[in-house]
Amino acid sequence: DVIDVRTLGSHGVFTYDPGFMSTGSCESAITYIDGDAGVLLHRGYKIADLAQHSDYLETCYLLLYGELPTAEQKAEFVVTVKNHTMVSESMQKFLDGFRNDAHPMAVMVGLVGAMSAFYQDHMDITDPKHREIAAFRLISKMPTLAAMCYKYSKGQPTMYPRNDLSYAENFLHMMFATPCEEYKVNPVFAKAMDRIFILHADHEQNASTSTVRLAGSSGANPFACIAAGITTLWGPAHGGANEAVLTMLEEIGDESNIDEFIAKAKDKNDPFRLMGFGHRVYKNFDPRAKVMRETCDQVLAELGQSDDPMLKIAKRLEQIALEDPYFVERKLYPNVDFYSGIIMKAIGIPTSMFTVIFAMSRTVGWISHWNEMIGGAYKIGRPRQLYVGHTEREYPTDK
Ligand code: ACO
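Residues numbered from 1 in each chain as written. Predicted model: local features only at pLDDT ≥ 70, side-chain atom pairs only at ≥ 80, totals over all residues.

Draft legend 1. Expanded view of the overall build of the protein. Within the protein one finds 17 helices and 3 strands. Its C-alpha atoms give the protein a radius of gyration of 22 Å, near enough to 21 Å, the size a compact globule of 399 residues would have. With respect to the three principal axes, the spread of C-alpha positions in the protein is 70 × 55 × 55 Å. Taking the contacts inside the protein whose residues are at least 6 apart along the sequence as the reference set, 75% of them involve residues at least 24 apart. (Helix = DSSP H or I, 4+ residues; strand = E, 2+ residues; numbered from the N terminus. Rg over C-alpha atoms; globule rule 2.2 N^0.38 Å. Contact = placed C-beta atoms within 7 Å.)

What follows is the structure, encoded as structure tokens:
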């Protein structure tokens with residue numbers, strides 16, 4: 001049942017809903033989720049179909065414009081995205097100001113927020129063409145910025161984007177090539193990366209997307225709004241989970257320690273949770289996890305790494321979660337981040353970059369929601385509170 005708060009008056013009744021479990025904040029035509037049935041649709045298309053038949057840039061087009069592109073529209077979109085992949089050289093100088101051991105998410109918050117200083121033209125958010133250019137700039141430049149962060153942390157020179165490569169291939173090239181050595185992109189890895197991008201492209205009103213909408217509702221510029229989304233995504237209960245999965249697997253270290261960690265996860269006096277398990281919305285299974293699991297198997301087969309000790313621990317945890325009554329009763333299934341972390345580790349991507357890659361993929365979702373909101377009727381977001389502090393009291397003038 002839905003209560004429309006517009007019927008309740010501005011000062012009288014309000015809902016108290018910590019975590020916004022039952023509060024709808026907007027209307028949206030972008031993504032549909034039925035958590036109980038394990039359904040995720042983008043503009044009506046099943047996520048598994050997009051993962052199988054589409055590619056990331058086509059999915060971006062779908063999210064932004066509402067329909068799948070024709071062949072000509074797709075070709076034009078790809079060229080436009082490629083035309084925006086370079087970033088201002090001054091952004092490199094800005095990057096140089098960071099410590100090179102900074103977490104790349106911290107650097108990404110800075111770089112993306114700073115895009116509003118480097119790209120000041122086409123910033124009239126009431127003009128749909130300007131909003132479209134902001135979307136192109138973000139989708140195109142996020143991989144360049146992400147790879148720049150990684151190279152900087154390694155003390156290596158930035159690799160410029162290569163427009164003869166696909167979106168996923170170009171990202172892997174900027175991450176792993178050096179001026180001395182070309183990086184031959186493995187097509188299985190590129191396909192897996194593209195799938196990771198598709199599966200993370202949007203997920204309706206999650207914490208980071210809601211943050212982007214809330215920031216945007218004040219009229220803030222799109223780059224500032226996306227930077228706000230990145231900060232929210234960073235947390236381990238959201239996008240930081242894929243990094244937390246790998247940290248946890250390393251901490252478990254050996255199959256013989258699994259029971260101890262499972263006991264910790266079940267102990268209500270211990271804050272430890274099994275990272276990569278459970279989801280706020282999917283209480284049966286995460287349809288993205290199914291696709292990611294298959295992709296994970298493909299990448300590991302390609303590498304011949306199925307015997308990796310970390311992966312053995314992961315597979316055992318997966319099995320326990322599917323059998324142990326604690327996990328079964330609470331419907332705590334492996335989520336998409338459980339598998340994406342393992343794939344990225346296998347490809348050679350360092351753990352600290354995992355959440356950055358999530359942010360890159362989700363940028364299209366964020367900007368589509370921002371655009372949908374700004375293009376329609378909206379109000380500044382202003383949640384209510386249940387005040388539990390002091391009532392009015394006298395200031396002690398004799399203190
Ligand atoms: N390990 C152990 N127990 C868990 C876990 C877990 N990963 N997740 C939930 N539980 C338990 C809770 O302790 C609680 O038990 P109780 O009923 O006995 O008190 C019950 O399951 C329900 O948990 P909630 O916290 O109410 O579930 P909620 O829907 O609020 O949380 C969340 C979902 C945040 C994802 C949670 O499952 C979690 O912390 N998982 C680990 C982090 C993670 O993988 N996050 C990624 C989410 S996917 C994404 O962002 C793309």
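Draft legend 2. Molecular detail of the nonpolar core. Counting residues in each nonpolar core, the largest one holds 109 residues, and the members touching the most others are Met-108, Val-112, Ala-146, Ile-226, Ile-230, Ile-343 and Ile-357. Broken down by element, this core gets its largest block of residues, 12 residues, from helix H6 (residues 128-154). Residues within four places of Ile-230 in sequence aside, it is in contact with Met-105, Met-108, Val-109, Val-112 and Ala-359. (Core = buried A, V, L, I, M, F, W, Y, C linked by C-beta atoms within 7 Å. Buried ≥ 20, exposed ≤ 12 C-beta atoms within 10 Å, placed from the backbone.)

Draft legend 3. The UniProt feature "active site" (unreviewed entry) in the protein, seen in detail. Residues annotated by UniProt as "active site" (unreviewed entry) correspond here to His-279 and Asp-337. These annotated residues cover 59 residues of sequence, but their C-alpha atoms sit close together, with the largest distance between any two at 10.4 Å. One can find His-279 in the loop between helix H12 (258-266) and helix H13 (287-303). Take His-279: there are 21 C-beta atoms within 10 Å of it, and that puts it in the buried class. Not counting residues within four places of it along the chain, the set of residues in contact with His-279 comprises Asp-286 and Asn-335. Its place among the elements puts Asp-337 in helix H16 (residues 336-347). (UniProt positions renumbered as here; feature names shortened; annotations may be inferred.)

Draft legend 4. Highlighting the pairing of strand E2 (residues 39-42). Residues Leu-40 and His-42 line the buried face of E2, whereas the alternating positions Val-39 and Leu-41 sit on a face that is not buried. Where strand E1 (residues 31-34) lies against E2, 4 bridges are found, and the strand directions are antiparallel. From the neighbouring strand, Thr-31 faces E2, where its bridge partner is His-42. Strand direction decides the pairing type here: E2 and strand E3 (residues 45-46), joined by 2 bridges, are antiparallel. In the sheet register, His-42 faces E3, and the bridge partner there is Tyr-45. (Pairing = 2+ DSSP bridges.)

Draft legend 5. Structural view of the site of the ligand. For the ligand, the set of nearby residues contains 18 residues, the closest of which are Ala-241, Arg-273, Leu-274, Gly-278 and Arg-280. A class-by-class count of the residues in the shell around the ligand yields 8 nonpolar, 6 polar and 4 charged. (Near = placed C-beta within 6 Å. Nonpolar A, V, L, I, M, F, W, Y, C, P; charged D, E, K, R; others polar.)

Draft legend 6. Region of interest: the sheet that holds E2. Taken in spatial order, the 3 strands line up as E1-E2-E3 in an open sheet, and their pairing is antiparallel. The two strands at the open ends of the sheet, each matched to only one other strand, are E1 and E3.

Draft legend 7. Local environment of the environment of Thr-295. Mapped onto the elements of the fold, Thr-295 is located in helix H13. Looking at Thr-295, the number of C-beta atoms within 10 Å reads 23, which means it is buried. Residues Thr-295 and Ser-340 lie 45 residues apart in sequence; the distance between their C-alpha atoms is 8.8 Å.

Draft legend 8. Up close: the packing of helix H5 (residues 104-118) against H6. Between H5 and H6, the shortest axis-to-axis distance is 10 Å and the interhelical angle comes to 140°. Judged on the interaxial angle alone, H6 and H5 are oblique. As for how H5 packs across H6, the hand of that crossing is right-handed. Between H5 and H6, the residues in contact are Pro-104, Val-107, Met-108, Leu-111, Val-112 and Met-115 and Arg-137, Leu-145, Ala-146, Cys-149, Tyr-150 and Ser-153, respectively. Taken together, the residues of the contact of H5 with H6 break down into 10 nonpolar, 1 polar and 1 charged. (Axes fitted to C-alpha atoms, helices over the stretch in contact; angles between N-to-C directions. Parallel < 35°, antiparallel > 145°, perpendicular 65-115°, else oblique. Left-handed = near helix turned anticlockwise from the far one by under 90°.)

Draft legend 9. Spotlight on the confidence of the model for the protein. Counting all residues, the mean pLDDT for the protein is 93, and 96% of those residues have values of 70 or more. Reported for the predicted complex are a pTM of 0.89 and an ipTM of 0.93. (pLDDT = per-residue confidence, 0-100.)

Draft legend 10. Quick peek at H6. The first and last C-alpha atoms of H6 sit 39 Å apart over 27 residues, in line with the 39 Å expected at 1.5 Å per residue. Most pronounced at Lys-141, the bend in H6 amounts to some 40°, and the proline Pro-143 follows within four residues. Counting buried positions along H6 yields 19 of 27 residues, so the element is predominantly enclosed. Looking at the residues trailing H6, positive phi occurs at Gly-155, about 75°. (Expected span 1.5 Å × (residues − 1). Bend = angle between axes of the 7 residues up to and from the residue.)

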